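Given next are the chains, with one letter for each unit.
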Amino acid sequence: MLLEAKGIIKTFGSFRAVDEADLTLQEHELIGLIGPNGAGKSTFFNCLAGDALPDGGSIRFRDREITRMAPHDRARLGLARTFQVPIVFDGMTVRENVMVGAFLRRPHRHAAAAKADEVLAFTGLAEQADQPVTTLGTPGRKRLEIARALASEPTVLLLDEALAGLTSAEVETAIALVRRIHESGITLIVVEHIMEVIHRLTQRVIVFQQGRVLAEGSPADVTADPRVIEAYLGRRAGRHRP
Amino acid sequence: MKNFPRVLLIAAAAALVAAPFLTGNPFYQRIAALTALAAISASAWNLIGGYGGQVSFGHSVYFGIGAYASLLAYTKLGVPPIAGAPLGVLASFALSVIVGLPSFRLRGHYFSMATIAIAALAEVLVTNWGFAGGAIGLMGPASPRSLADLLFRSALPYYALFVAVLASLLGFTYLMQRGRMGFYLRALGSGERAAESLGVPIRRYKLYALLVSGAFTSLAGSLYAVMVGFIDPGSGFGILVSVNMVVMSALGGAGTLFGPLVGAIILVPLEETTNALLGGGSSGAAYVVYGAIIMLIARFSPGGLAQWWPLLSGKGRRGAA
Ligand SMILES: Nc1ncnc2c1ncn2[C@@H]1O[C@H](COP(=O)(O)OP(=O)(O)O)[C@@H](O)[C@H]1O
Ligand SMILES: [Mg+2]
């Protein structure tokens, strides 16, 4: 097992945003995490990445207990993530942003720059390398976050809605990118709420609802599950389905 | 042709550094020394406040520690004031660890407010500390006992000393800026969560920056005391001492190598000449001028003058953000 989360609970006041959620991830898998808005997917990601400390449960990564480990130590262990709302380093160029990630395993400037250029080429951002990062729009920023995370040479990459808000052409490039990342040997969890995208990318999907795992399985099984249909389309649609 | 502006720049810089030696006017020489000194503390502030984005309004506490260390060493131990400088640096390290580390948990404005409180507290404590001269302060040697007292009639030896310290600080900053530490500081300054997620141990890097920043600010305080030969709670720990560093950095460009120096070159001569014209001691006017400068920068040019530099040099690399 590469990554294993058991009984994760995260509360905000009296509200349980994540309510005893489990997840297992094998090496080289690419799994999807779906669920309606507010289901707790990002909060769950934050617990995995160390951005939020869970109020219950445990997380193991590469045979180590990491439940309360700081985010930067998890990154060093090989856990990288992107944010649903991209956070770029203003005042830096695109390349410099990626170099921040590259410095994790390459302390020397030239090695970090070389790694950054390699990743920028891989993610299709090479042409924008010398631009201020503030010139990038949302699709560019999402790609930049992926590039930055890749530059840290992770084992597992957590993508939080990396494809949301993209045009259909941009979605195609993004899907191709996710596939190439997977082929390069990186294990991925992809949060997405477009079912079609998940269908095309993954063999295994976890469906979240109200902080709990509602269903788990192949995309086809999961989309046929009445509980999932109900969660997505509302009570009525679920109940009246023949 | 590509190197033309750079050659010109180096020539202009060399001329600027040499100018005080060429003028025979002691008033200008003194201004040059004070400018170099202000550039040291502003450039030191810039490490944590500019690159690291942790805006301290309490750096006077380091300046005061350095200044008092010098004159305490002289008055209590009878050693040359400059011998107190290493003690000041050691005290600054201790302060950075004891006070800096916990305050790094605070973000944004809360960090700035905590630094103001710490400096204000230090000023009150020293004012009530009879051993350190209380509200009256401490005096340096009245006449040089030896060369080590660094007591000169001319401002030029001080100027040379300050420029040497400034050069080594800027040299450090240059190397830092190019390397991992510079990238990490800039990253955590603009997005802590993202920086952490990329493996940046943010509190450790803030501490590194604060250690160096505090040490050089303390050194600036010691040098000030050595040159001026007098320190009191206000000139060591007062809020204006901190504001000076912030405004100079912000004016020239916080988080840039030469920004604080440019700010000092503009503000110190301005301050000294208006003081001379208005008969000195007009710190009230300084508050007004600094307030106006802060508002103008915030409104029109958050990147300081450095923001306009790419336009002038035709590079347009940073872009107006
Ligand atoms: N920092 C927070 N404080 C309070 N409530 C939060 C916080 N973050 C998320 N929530 C709440 O937790 C729930 C889950 O949010 P989130 O994890 O962002 O869902 P998802 O990513 O699945 O859309 C939502 O109801 C949201 O309002
Ligand atoms: Mg979300």
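Throughout what follows, the structure given in this document is the object of discussion. It should be emphasised that the depicted structure is a prediction, and the values quoted were computed from it without experimental measurement.

For the rest of this paragraph, the subject is a positive patch on the surface. Where like charges cluster on the molecular surface, the positive patch consists of R62, R76 and R105 of chain A together with R204 of chain B. Note that R62 of chain A resides in the loop between β4 (56-61) and β5 (64-65).

What follows deals with the pairing of strand β2 (residues 15-25) of chain A. Residues and elements named next belong to chain A. Here strand β1 (residues 3-12) runs beside β2; their pairing, made up of eight bridges, is antiparallel. Residue pairing for β2: F12 is matched across the bridge by F15. Between β1 and β2, which pair antiparallel one after the other, the connecting turn spans two residues, and G13 there sits at a positive phi close to 65 degrees.

A word on the sheet that holds strand β7 (residues 156-160) of chain A. All names here are of chain A. Read across the open sheet, the six strands follow the order β6-β7-β8-β3-β9-β10; overall the sheet is mixed. Of all the strands in the sheet, the pair left with one neighbour each is β6 (79-81) and β10 (212-217). Strand-to-strand twist across the sheet, computed as the mean angle between neighbouring axes with direction ignored, equals 20 degrees. The sheet contact formed by strand β3 (residues 30-34) and strand β8 (residues 187-191) spans four bridges and is parallel. Counterpart to G32 in the pairing with β8 is V190.

Residues and elements named next belong to chain A. At the metal site, the magnesium ion (ligand 2) is ligated by S42 (OG) and Q84 (OE1), and these contacts range over 2.1 Å. Taken together, the residues S42 in helix α1 (residues 41-49) and Q84 in the loop between β6 and α3 (94-102) connect sequence positions 42 residues apart. Judged by its relative accessible area of 23%, S42 falls in the partly exposed class.

All right, on to the sheet that holds β5 of chain A then. Residue and element names in this part refer to chain A. Taken in spatial order, the four strands make up an open sheet running β2-β1-β4-β5, and their pairing is antiparallel. This sheet does not close on itself; its edge strands, each paired only once, are β2 and β5. The sheet contacts of α1 involve β1, β2 and β4, and relative to β1 the element is tilted by about 120 degrees.

Moving on, we get to the interface of chain A and chain B. Taken together, the contact pairs 26 residues of chain A with 21 residues of chain B. Taken together, the two surfaces of chain A and chain B that pack against each other cover about 2300 Å², and 60% of this comes from carbon and sulfur. Remark: the boundary between chain A and chain B carries two salt bridges. A salt bridge links R186 of chain B to E96 of chain A; its shortest N-O distance comes to 3.7 Å. Inspection of the chain A/chain B interface yields six residue pairs in polar contact (both at pLDDT 80 or more).

Time to look at the pattern of salt bridges. Residues and elements named next belong to chain A. Summed over the entire model, instances satisfying the criterion amount to 17 salt bridges over all chains. Linking R95 and D130 is a salt bridge whose minimum nitrogen-to-oxygen distance equals 2.5 Å. With R95 in helix α3 and D130 in the loop between α4 (109-122) and α5 (138-151), this residue pair connects regions lying 35 residues apart in the sequence. Here E118 and K115 are joined by a salt bridge, their closest N and O atoms 3.1 Å apart. Highlighted residues: E118 and K115, both in helix α4, separated by three residues, approximately one helical turn. According to the relative accessible area criterion, K115 is buried, its value standing at 9%.

The next subject is the packing of aromatic side chains. Per the counting criterion, the structure on display carries 13 aromatic pairs over all chains. When the centroid spacing of 5.0 Å and the interplanar angle of 55 degrees are considered together, the rings of F103 of chain A and F183 of chain B count as tilted. Taken as a pair, F103 of chain A in the loop between α3 and α4 and F183 of chain B in helix α7 (residues 180-190) lie in two separate chains rather than in one. Note on F103 of chain A: relative accessible area 0%, which makes it buried. According to the relative accessible area criterion, F183 of chain B is buried, its value standing at 2%. Between W129 of chain B and F131 of chain B the ring centres are 5.5 Å apart and the planes differ by 40 degrees, which places this aromatic pair in the tilted class. Accessibility expressed as a relative area gives 42% for W129 of chain B, which makes it partly exposed. Three or more aromatic residues joined by ring pairs make a cluster, and in this case those are F103 of chain A together with F183, Y184, Y205 and Y208 of chain B.

So, how was this worked out
- Residues numbered from 1 in each chain as written.
- Chains lettered and ligands numbered in written order.
- Predicted model: local features only at pLDDT ≥ 70, side-chain atom pairs only at ≥ 80, totals over all residues.
- Heavy atoms only, no water.
- Patch = residues over 30% accessible without salt bridge, like charges linked within 9 Å, V, L, I, M, F, W, Y side chains within 5 Å.
- Areas by Shrake-Rupley, 256 points an atom, 1.4 Å probe, with all protein chains shown as cover.
- Salt bridge = Lys/Arg side-chain N within 4 Å of Asp/Glu carboxyl O.
- Lys, Arg positive; Asp, Glu negative; His and termini not counted.
- Charge placed at Lys NZ, Arg CZ, Asp CG, Glu CD.
- Helix = DSSP H or I, 4+ residues; strand = E, 2+ residues; numbered from the N terminus.
- Pairing = 2+ DSSP bridges.
- Axes fitted to C-alpha atoms, helices over the stretch in contact; angles between N-to-C directions.
- Donors = N, O, S within 2.8 Å, 3.2 Å for Na, K, Ca; no water.
- Buried < 20%, exposed > 50% of the residue type's maximum accessible area, 1.4 Å probe, protein only.
- Contact = heavy atoms within 4.5 Å.
- Buried area = accessible area lost by both parts, 1.4 Å probe.
- Polar contact = N/O pair within 3.5 Å; in protein donor to acceptor, adjacent residues only side chain to side chain.
- Phe/Tyr/Trp six-rings, centres within 6.5 Å; stacked < 30°, edge-to-face > 60°.

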